[in-house]
Each structure stands twice: as structure tokens, then as C-alpha cells.
Amino acid sequence: MATAAAHRPPGAQAHGAEDTAVIEAYTRRFDAAVAADERIEPRDWMPDAYRATLVRQIAQHAHSEIIGMQPEANWITRAPSLRRKAILMAKVQDEAGHGLYLYSAAETLGVGRDELLDKLHSGRQKYSSIFNYPTLTWADVGAIGWLVDGAAITNQVPLCRCSYGPYARAMVRVCKEESFHQRQGYELLLALSNGTPEQHAMAQDAVDRWWWPSLMMFGPPDDESQHSAQSMEWKIKRHSNDDLRQRFVDICVPQAESLGLTLPDPDLRWNEERGEHDFGTIDWTEFWEVLKGNGPCNEQRITQRRKAHEEGAWVREAAAAHAAKHTGEQTGETGATRA
Amino acid sequence: MTPPETTTPTGTAAPAGPGAPVFPTAAALALGDDALVLSHRLGEWAGHAPVLEEEVALANIALDLLGQARVLLSMAGDEDELAYLREERAFRNLQLVEQPNGDFAHTIARQLYFSTYQLLLHAELAAGDGPFAPLAAKAVKEIAYHRDHAEQWTVRLGDGTDVSHERMQRACTALWRFTGEMFQPVEGLGLDEKTLTAMESAWLDSVTGVLGRAGLTVPDGPRGGAWAAGAGRQGVHTEPFGRMLAEMQHLHRSHPGASW
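Residues numbered from 1 in each chain as written. Chains lettered and ligands numbered in written order. Predicted model: local features only at pLDDT ≥ 70, side-chain atom pairs only at ≥ 80, totals over all residues. Heavy atoms only, no water.

Engineer: Explain the environment of G102 of chain B to me, please; I cannot follow it from the model alone.
Structural biologist: Residue and element names in this part refer to chain B. In this structure, G102 sits in the loop between α4 (95-98) and α5 (104-127). Take G102: its relative accessible area is 52%, and that puts it in the exposed class. Separated by 69 residues in the primary sequence, G102 and A171 have C-alpha atoms spaced 8.6 Å apart. (Helix = DSSP H or I, 4+ residues; strand = E, 2+ residues; numbered from the N terminus. Buried < 20%, exposed > 50% of the residue type's maximum accessible area, 1.4 Å probe, protein only.)

Rendered as C-alpha cells:
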């Protein structure tokens, strides 16, 4: 990762005490920009910790997009109608596209895709735990669209106003596509819910399995969230985990009613006084277990990812070798490589 | 739900009444099945591609082909009944498109051979005034991209490293015997012997050119033959195709009459 010094504007070479003063001046300017809701751009000076936080978050987001392809791609070859097959293929393709934007956004912070993929494959960086649950039936494709993409949108819409420009702009496009996916998932479940008794049961079963993990997607409760306070201060994050979770529950309750499906929480009810829904206690033990690697599909997901990467190595090497030869021909140089 | 009449290889649907045009159902099925089956194979790559850009590209090609398949199958009957309720022997696709993905080189060789053929075919159909002309005019633009993608990768892999060269050569050779079938007449397509011969010769020129630029050898094996490699148009398929259909049709068949 590049250091702050590497991103100092020209002429800002400073040492010792002078260096400290310069850093302080840049920090003040950075803080003022954030406070004024201005966007921080790649060439702007930024604190190392801000950069590191963004890299961690954007990488995790990018990894989630590409790992997230797996549970849904699991149903592409079995989609029960050609229309649904086209919708699902387009959705999984969009996720690959989101991965591309997000790895590009991370690149603006000085970290390449190869380096990030390496961290994913070696377990040094994470992806959203939700994708460590299996898609057992076709209805899971609908439940993922409705609940998982719904939760993702609730999380991501505020990121369109994130202080870091490239990330905010990538999120605008991602959110538009995600909201399309969410409606498609809802519509898939509606068709099942209104279908045969077997289809209805399939939809209910999927919602029963995906509801609680979807609530966990907002992260641990505010008082246990490791990175929240600083991220809020930097305007990377705009709302607390618990606020977003509450917003999501309030959105889902009427939608579940329209779907004719039941959310699996006996404590879920409207609280007149608070003007929002009360809901049951989340099993945080499960959350931490899945996060630690003990979910139903952690091993399977990362193994498939590594396998695809390793089996594709000869293809990437060939492309690089071909490009290098081609570059050599054009410029008269040899040995140029493409990462 | 019984499979519709159109699932039998009758060539043309019965006219709606005296003087009504005879619709080339067999031809719509042949082209529709090609697109459907290859789209399915490409869809199997999702989550397994060698690089993220190829996740996007392979899905894109699969989606184009699925779009073509839906139009063509709808010309012949109900798209879902045709896709999900026919038995293996009723499918009219080329054996080439049902071949398993293999490694990335096999997928690319299959795409190069097929897209080169499909581009020539659709250019021919688009130039005519038959029932396939409107679809072909739109599809030509998509297919030109598919072919370009396959050509670029053939050259990259043929030229890249020793390993990629060897894999690409092996793939081109392995699939060669399925390429003669593309130029056999299809009932109702309206292409005469002379046109098919010209298409075949243009296909050979084009593929030879790409393989040459990739530093690959044009395979010298037969492109059809005594045991009729390539009888997909007659409903004779290769073993992997039955398994592909079993997976594709399982859920739909498990819920007879359901809507999705």
C-alpha cells in the first residue's frame, strides 16, 4: 500500500519537525473537507488510517461480489424457465461487474486487484458472511434477491454519499443494479408464493432460512462494532449498524405481508410508541462462528474461488506473455509484462 | 403436460389453413437449440472463469445466445415446453455446441468454430427476406462480437506460452470433427447446396486465417465421416448431452404444470 508521503502534493518534501507541521496542516485540510461534505479524491492527501480503512472496506465489498456469484450461479443451470434463467445469468454477471468497479476503486488507493485477490485466497481479507450459507432450493435465489440484496441496498445507499469519491461513485451504479435485483427476487418469490402448495412451501422455507442471516449482514450491535465510530467520523459510514438494521426490518415487514409469507420471528411486532418494529434477539454466536470460518459453506466458497484462480493461471499467463510480445513489437522493447 | 407437436422432427408445421404459409419449424428448432445449448454450456462457467473480465464476457455471450434461443423457440412453439420437456433425441442442435466446456481453450475453440459459422449463416439469413431475416439482422451484431472475442483469445492462447499453445492446439484438434455438420442442409432454412458450399469455404478460410495468426496448425482430421460425427440435426447426440439436459430440465419437470 502506498504511504501518505507518496501522496503528498509536489513540493511538499519535508523532514523532522517540519514534516510534523506539514502533516498537521494536511490533516486539518482533510478534516475540513470531510466536515464540509466535500469528496476526497485519489490525488488528495489522506491519513494513512483513512486509506487503510477504505482499502479494507472496498476490498471486502469487492470480494463479497465475486464470492456472492457462487450461491446464485449454483442455480443457473437448473433455472426452471428461460425467462428466469436469463434474469439470473444477468444478475450473476452484474455481480462480476460490481467486483470490477470495486477492485478499480481500490486501485485508486494504490492496491492492485492481484494483491487483494491474494489476500482473499489466503484468508487475510474477508467477504460478507452471508455467502457462507447454501442455496438449497430455487426459492433461495428469490430470497437472496429480496432479503440479501435488500439488506445490501440498505447498507449501500448511504455509501453513495461516502467521503471517498471513487467509492461513492461506484456505489451509485451498484445500488441501481442492486435495487433491480431486489425487485426481481421479490417477484420470483411472489410467483412461488402464489404458485402450487409445493412452490409456496419452498418460498417459505427459503425465507425462514435467510431472514436471520440477512439481519446479521448489518454487522454486530453498535456497542460491539470494531470500526464504526472512526468510520462515522470520516463519513465513510453514515448510519449505525443498528439503525440500518431497524430500517431494513421496517421495510421488510409489509413486503412479507404482500408476499403472503411469514418472517420467522415470533417477537416481531409494531411498536406504536417507538414508531418502528420490535424484533427478536439475533443469535450473535452464529454470526461470530460463521465469521470465524465455521459456517456451512466457508470452506466450499473459498476452495472454489482458489480453484478457479489456480486453474485460470495458465490463461492469465498466456495473456500476459502475448501482451508482452505485442508490446515489444510496437516499442522495440522486450520483457514488458502485464499484471 | 405433453410435449407439443413441434417436438417431432416433422420439418414444417401443418399450415393453419389453405394457402397459409408453411412455417419452417424444424429450422427454428435447429437454430434455437444451437443457441439454447451453447448458452447453457457457457452459463456453466459462472463463478469458474479464469479472470473476472471473462466472467462478464462469457455471461454476455451466454445471454445473447439465450435471447436468440427464446425468439427462435417461440417461433416453433412454447419456449419453456420446448426447452424443458423434450427428450434428448428431439433436440436438433449441432453436436459441437453440446460438447462439455473442458478447459478454457476448449471453450474458446468451440466458440470460434461456432461463432464463425453462426456469423456466416446469419449474414446470409439477414440478407434474405425469409422469416429469420429480422432476428438474423439483430443477431449478426451480437455474433460479430462473440467471434471477435473467440478470435482474440485463440490468438492470445496460441501465441502466449508453450502451455497455452499446446492446450489451444489440442482443443482445436479435438473439436474439429464436429465442424462438418454445420454445412449440412437444414430443412426450411432456404439455403441451397451452392450457398452452403460457399459458406463452408468461407468458414474454412476464416478459421484457417485465425489459426494461422495464432501460430496454430489447422487440424487435418475428418470433419464428419463414416460414423457420422455430427448428427445432432438428426437428433443423435453425444453422451454428455443427456446429463446436461438432466440437470437443465430437472426442476421444471419436478413440478408439472407449475408457473415460475
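Engineer: Is there a simple way to think about the packing of aromatic side chains in this case?
Structural biologist: For any pair of aromatic rings, the description rests on two quantities: the centre-to-centre distance and the angle between the ring planes. The tally for this structure, following the rule as stated, stands at 19 aromatic pairs over all chains. Ring centres of F30 of chain A and W45 of chain A lie 6.3 Å apart, and the angle between their planes is 80 degrees; this geometry places the pair in the edge-to-face category. Taken together, the residues F30 of chain A in helix α1 (residues 16-35) and W45 of chain A in the loop between α1 and α2 (48-67) connect sequence positions 15 residues apart. For F30 of chain A, a relative accessible area of 3% corresponds to the buried category. Geometrically, the ring pair formed by Y117 of chain B and F183 of chain B is edge-to-face, given 5.8 Å between the ring centres and 90 degrees between the ring planes. Of this pair, Y117 of chain B sits in helix α5 while F183 of chain B sits in the loop between α7 (162-176) and α8 (193-213), and the two are 66 residues apart along the sequence. The burial state of Y117 of chain B is the same as that of F183 of chain B; both residues are buried. Among the aromatic side chains, those forming a connected cluster through ring pairs are Y113, F114, Y117, W176, F183 and W203 of chain B. Seen from the ring of W75 of chain A, R78 of chain A lies directly overhead, with NZ or CZ sitting 3.7 Å from the centre. Of note, R223 of chain B hangs over the ring of W176 of chain B, and the distance from its end group to the ring centre comes to 5.6 Å. (Phe/Tyr/Trp six-rings, centres within 6.5 Å; stacked < 30°, edge-to-face > 60°. Lys NZ or Arg CZ within 6 Å of the ring centre and 35° of its normal.)

Engineer: I keep staring at the packing of helix α4 (residues 82-107) of chain A against helix α7 (residues 165-193) of chain A and nothing clicks. Help me out?
Structural biologist: Any two packed helices are characterised by the angle at which their axes cross and by the distance between the axes. All names here are of chain A. At a minimum axis distance of 10 Å, the contact between α4 and α7 shows a crossing angle of 160 degrees. Judged by the inter-axis angle, α4 sits roughly antiparallel to α7. By crossing handedness, the relation of α4 to α7 is classed as left-handed. When the residues that make up the contact of α4 with α7 are grouped by side-chain class, the tally is eleven nonpolar, three polar and eight charged. (Axes fitted to C-alpha atoms, helices over the stretch in contact; angles between N-to-C directions. Parallel < 35°, antiparallel > 145°, perpendicular 65-115°, else oblique. Left-handed = near helix turned anticlockwise from the far one by under 90°. Nonpolar A, V, L, I, M, F, W, Y, C, P; charged D, E, K, R; others polar.)

Engineer: Hey, could you run me through the interface of chain B and chain A in this one?
Structural biologist: Put simply, an interface is often sized by how much accessible area is lost when its parts join up. Counting residues at the interface gives 47 residues for chain B, matched by 44 residues for chain A. For the chain B and chain A pair, buried surface summed over both sides reaches about 3800 Å², with 67% attributable to carbon and sulfur atoms. Area buried by chain B at its contact with chain A is led by L52, L251 and W260 of chain B, which between them contribute 19% of it. Connecting chain B to chain A are two salt bridges. Close ionic contact of R113 of chain A with E53 of chain B constitutes a salt bridge, the shortest N to O distance being 2.5 Å. At the junction of chain B with chain A, the criterion picks out 17 residue pairs in polar contact (both at pLDDT 80 or more). Elements with a contribution of two residues or more to the side of chain B that touches chain A: α1 (25-43), α2 (52-76), α3 (79-84), α5, α6 (133-159), α7 and α9 (239-254) of chain B. It is α2 of chain B that contributes the most residues to the side of chain B that touches chain A, eleven residues altogether. A class-by-class count of the residues in the side of chain B that touches chain A yields 24 nonpolar, twelve polar and eleven charged. (Contact = heavy atoms within 4.5 Å. Buried area = accessible area lost by both parts, 1.4 Å probe. Salt bridge = Lys/Arg side-chain N within 4 Å of Asp/Glu carboxyl O. Polar contact = N/O pair within 3.5 Å; in protein donor to acceptor, adjacent residues only side chain to side chain.)

Engineer: Explanation requested: unusual backbone geometry in the structure shown.
Structural biologist: Trans peptide bonds make up the majority, and among non-glycine residues the majority have a negative phi. All names here are of chain A. Residue D37 is not a glycine yet carries a positive backbone phi of 60 degrees. When you line up the elements, D37 lands in the loop between α1 and α2. Residue class for D37 comes out partly exposed when judged on its relative accessible area of 43%. Although it is not a glycine, K235 adopts a positive phi angle of roughly 60 degrees. With respect to the helices and strands, the residue K235 is situated in the loop between α9 (228-233) and α10 (241-259).

Engineer: Whenever I open this one, the packing of α2 of chain A against α4 of chain A confuses me. Can you help?
Structural biologist: Residues and elements named next belong to chain A. Following both chains from N to C, one finds α2 and α4 inclined at 160 degrees, their axes separated by 8 Å at the closest point. On the basis of their axis angle, the class for α2 and α4 is roughly antiparallel. Crossing of α2 over α4 shows left-handed handedness. Along the contact surface, α2 presents I58, H61, A62, H63, E65 and I66, while α4 presents E95, H98, G99, L102, Y103, A105 and A106. A breakdown of the residues in the contact of α2 with α4 according to their chemical character gives seven nonpolar, four polar and two charged.

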